Amino acid sequence: MPCAIWNRSAIQRKSGSSFWKDRQNGDGNGRARLMKAVLRCDASSAVGAGHVVRSLAIADFLAGQGWQCWFVTTEQHVEIYTGLSSSDHHVVTLPPDALFNPDALAAAAGDSADLLILDHYQLGIEYETACRDWADRVAVIDDLADRRHDCDVLVDQAPGRTTKDYRHLVPDHCCLLLGSGFALLREEFGLHRPAALERRETAAVQRVLVAFGGTDTKQMTSLALLALSKLDGSYEVVVVAGREAVAVQAGKQLEQLGLSGAVHYGASNVAELMRDSDIAVGAAGVSSLERCALALPTVAVVTAENQRRLATSLAATGALFLAGDAETVEEQDLGRAIEELATSPSRYQRMVRAAAAQCDGSGISRVAAVLQESQILAGQTSFTKGAG
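Read on for a plain summary of the structure. Bear in mind that the values here come from a model prediction, so they are computed numbers and not experimental data.

**Concerning the sheet that holds strand S7 (residues 175–178)**
The strand order S3-S2-S1-S4-S5-S6-S7 describes an open sheet built from 7 strands, whose pairing is parallel. Either end of the sheet is taken by a strand with one partner, and the two such strands are strand S3 (90–93) and S7. Taken over all neighbouring pairs, the strand axes of this sheet differ in orientation by 20° on average, direction set aside. Across the face of the sheet, helix H3 (residues 50–64) comes into contact with strand S1 (35–41), strand S2 (67–73), strand S4 (115–119) and strand S5 (138–141) while running at roughly 160° to S2.

**Re the environment of Asp133**
Mapped onto the secondary structure, Asp133 falls in the loop between helix H7 (125–130) and S5. The spacing of Asp133 and Asp111 is 22 residues in sequence and 8.6 Å in space, taken between C-alpha atoms.

**Section: helix H14 (residues 331–343)**
The end-to-end C-alpha distance of H14 is 18 Å, a good match for the 18 Å that 13 residues give at a rise of 1.5 Å each. Those residues of H14 that are buried are in contact with helix H9 (220–229), strand S11 (279–283), strand S12 (298–302), strand S13 (321–325) and helix H15 (345–358).

**Examining the packing of helix H8 (residues 188–202) against H15**
Packing of H8 against H15 leaves a shortest axis separation of 10 Å and a crossing angle of 165°. With respect to H15, the element H8 is oriented roughly antiparallel. At the point where H8 passes H15, the crossing takes the left-handed sense. In contact with Arg193, Leu197, Arg200 and Glu201 of H8, H15 contributes Tyr348, Gln349, Val352 and Ala356. Taken together, the residues of the contact of H8 with H15 sort by class into 4 nonpolar, 1 polar and 3 charged.

**Side note on the nonpolar core**
Counting 34 residues, the largest nonpolar core has Val210, Phe212, Leu225, Leu228, Val301 and Leu334 as its most contacted members. Listing elements by their share of this core, those giving two or more residues are strand S8 (207–211), H9, strand S9 (236–241), helix H10 (244–257), S11, S12, H14 and H15. It is H9 that provides the largest number of residues to this core, a total of 6 residues. What Val210 contacts, discounting residues up to four positions off in sequence, is Thr221, Ala224, Leu225, Leu228, Val237, Val238, Val239, Val240 and Val281.

**Section: the pairing of S5**
Here S5 shows two buried faces, one formed by Val138 and Val140 and the other by Ala139 and Ile141. Bridging between S4 and S5 involves 3 bridges; their strand directions are parallel. Residue pairing in the sheet places Leu116 in a bridge with Val138 of S5. Since S4 and S5 lie parallel, the crossover through H7 that links them has a hand, and here it is right-handed. Where S5 lies against strand S6 (residues 153–156), 3 bridges are found, and the strand directions are parallel. Along S6, the bridge assignment pairs Ile141 with Val155.

**Re the side chain of Gln372**
Mapped onto the secondary structure, Gln372 falls in the loop between helix H16 (363–371) and helix H17 (374–377). Here the side chain of Gln372 touches Trp67 through a polar contact of 3.1 Å, side chain to side chain.

**Here we look at H3**
Taking 1.5 Å per residue as the helical rise, H3 with its 15 residues ought to reach 21 Å, and the 21 Å between its terminal C-alpha atoms agrees with that figure. With 12 of 15 residues buried, H3 lies mostly within the body of the structure. Count one or two residues on from H3 and you reach Gly66, which has phi positive near 95°.

**A short note on the sheet that holds S13**
The strand order across the open sheet formed by 6 strands is S10-S9-S8-S11-S12-S13, and the pairing between neighbours is parallel. Of all the strands in the sheet, just strand S10 (260–265) and S13 have a single pairing partner and so form its edges. Neighbour-to-neighbour, the strand axes of this sheet turn through a mean angle of 15°, independent of strand direction. Bridge count for S8 against S11 is 4 bridges, and the pairing is parallel. Directly across from Val210, in S11, lies its bridge partner Val281. Its contacts with the sheet place H14 against S11, S12 and S13, and it is angled at close to 155° to S12.

**Quick word on the side chain of His51**
Residue position: His51 is located in helix H3. Of the residues examined, His51 reaches a relative accessible area of 4% and is grouped as buried. At a separation of 2.6 Å, a polar atom in the side chain of His51 contacts the side chain of Asp119. Residues in contact with His51, not counting those within four places in the same chain, are Cys41, Asp42, Asp119, His120, Tyr121 and Asn306.

**Section: the packing of H9 against H14**
Two elements in contact, H9 and H14, have axes whose closest approach is 8 Å; the angle formed by their N-to-C orientations is 55°. With respect to their mutual orientation, H9 and H14 come out oblique. Relative to H14, the crossing made by H9 is right-handed. Between H9 and H14, the residues in contact are Leu223, Ala224, Leu226, Ala227 and Leu228 and Glu331, Leu334, Gly335 and Ile338, respectively. In terms of residue class, the contact of H9 with H14 is built from 7 nonpolar, 1 polar and 1 charged.

**Some words on the pattern of salt bridges**
Inspection of the entire model under this criterion finds 20 salt bridges. Among the ionic pairs, Glu188 bridges to Arg186, the shortest N-O distance being 2.7 Å. For Glu188, a relative accessible area of 24% translates into the label partly exposed. Across the pair Lys230 and Glu331 runs a salt bridge whose closest N-O atoms are separated by 2.5 Å. Highlighted residues: Lys230 in the loop between H9 and S9 and Glu331 in helix H14, separated in sequence by 101 residues. For Glu331, a relative accessible area of 16% puts it in the buried group.

Cut-offs used in this document
- Residues numbered from 1 in each chain as written.
- Predicted model: local features only at pLDDT ≥ 70, side-chain atom pairs only at ≥ 80, totals over all residues.
- Heavy atoms only, no water.
- Pairing = 2+ DSSP bridges.
- Helix = DSSP H or I, 4+ residues; strand = E, 2+ residues; numbered from the N terminus.
- Axes fitted to C-alpha atoms, helices over the stretch in contact; angles between N-to-C directions.
- Contact = heavy atoms within 4.5 Å.
- Expected span 1.5 Å × (residues − 1).
- Parallel < 35°, antiparallel > 145°, perpendicular 65-115°, else oblique.
- Left-handed = near helix turned anticlockwise from the far one by under 90°.
- Nonpolar A, V, L, I, M, F, W, Y, C, P; charged D, E, K, R; others polar.
- Core = buried A, V, L, I, M, F, W, Y, C linked by side-chain atoms within 4.5 Å.
- Buried < 20%, exposed > 50% of the residue type's maximum accessible area, 1.4 Å probe, protein only.
- Right-handed = clockwise from strand over helix to strand, strands pointing away.
- Polar contact = N/O pair within 3.5 Å; in protein donor to acceptor, adjacent residues only side chain to side chain.
- Salt bridge = Lys/Arg side-chain N within 4 Å of Asp/Glu carboxyl O.

Next up, the structure:
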């Protein structure tokens, strides 16, 4: 049975175990060697850029601890999420006919890795087993619980996940890291959390953040701006756009609608922008947990089917207001939800508290601690779900 104990202090104590330090300190001949992680993930208009965003968060954290990180994806997906190409990590692209070929991944990765991280809905047990010959450890990031895996660690950051969702899908030695306590967010979300919580206590609703992820092919940014333009209140609008075309259109629309605000394209300070906003309107994917870490009340829209479980789970706790699906939601739905939050201090504060309770922004360090723990490589499991 997969491991069934989660203990935050134990995870913190075990970070950077002697096994990994020994490997990092030398190769047996007195030469230092960087640990190597290979990450296989994709982005698309259908599933969004969340897979790349959370994989990049892990890579950034590991790189800060001395790891060398290689991303393997396609040229198209690098173009969809520009944050990958602008990172300091190695990026290797696969031809379209090799996306699901484990031998192609091995060749792209140089036939060796201390850690292989897979974040891809179309990869499962056969692919993972084929990678065992060259990857010392295999970790999977998932949120569907719909297929079998051959992995040593599995992370599912969705609120409410339990071991029963995965125990029949993973090997007995697999360590399950389940729940929003393991949310894969960049470190800055945890760093900005204290200031965000302080702002939520006293700030009137003045600034609205509009952010619909890395693609926004369904033009939700435009719909949100239309909704804001018809409200009685006067708000400063901050638009975060993942594509240049969306940024250009949003800039024109702000001017045409007479809205006060600014557009940020390819922003590297999203956590700071969230911290300094009072309400968010955005997609219901990975960014929902980012907003929870900063206790930012949100009106969310499901823009891809893989967002639905996370969105409904968070809505059930009161951590966000789910306005509907991108295909059916109307500007009046968004406007009404924004206005209700902005004009009801008690409702606003309830959502602040509910969001803050979901995620504390420190999940990435907990996950990284387990990924670097030598005991798991030996098949000894110690950790599973946590809550933020």
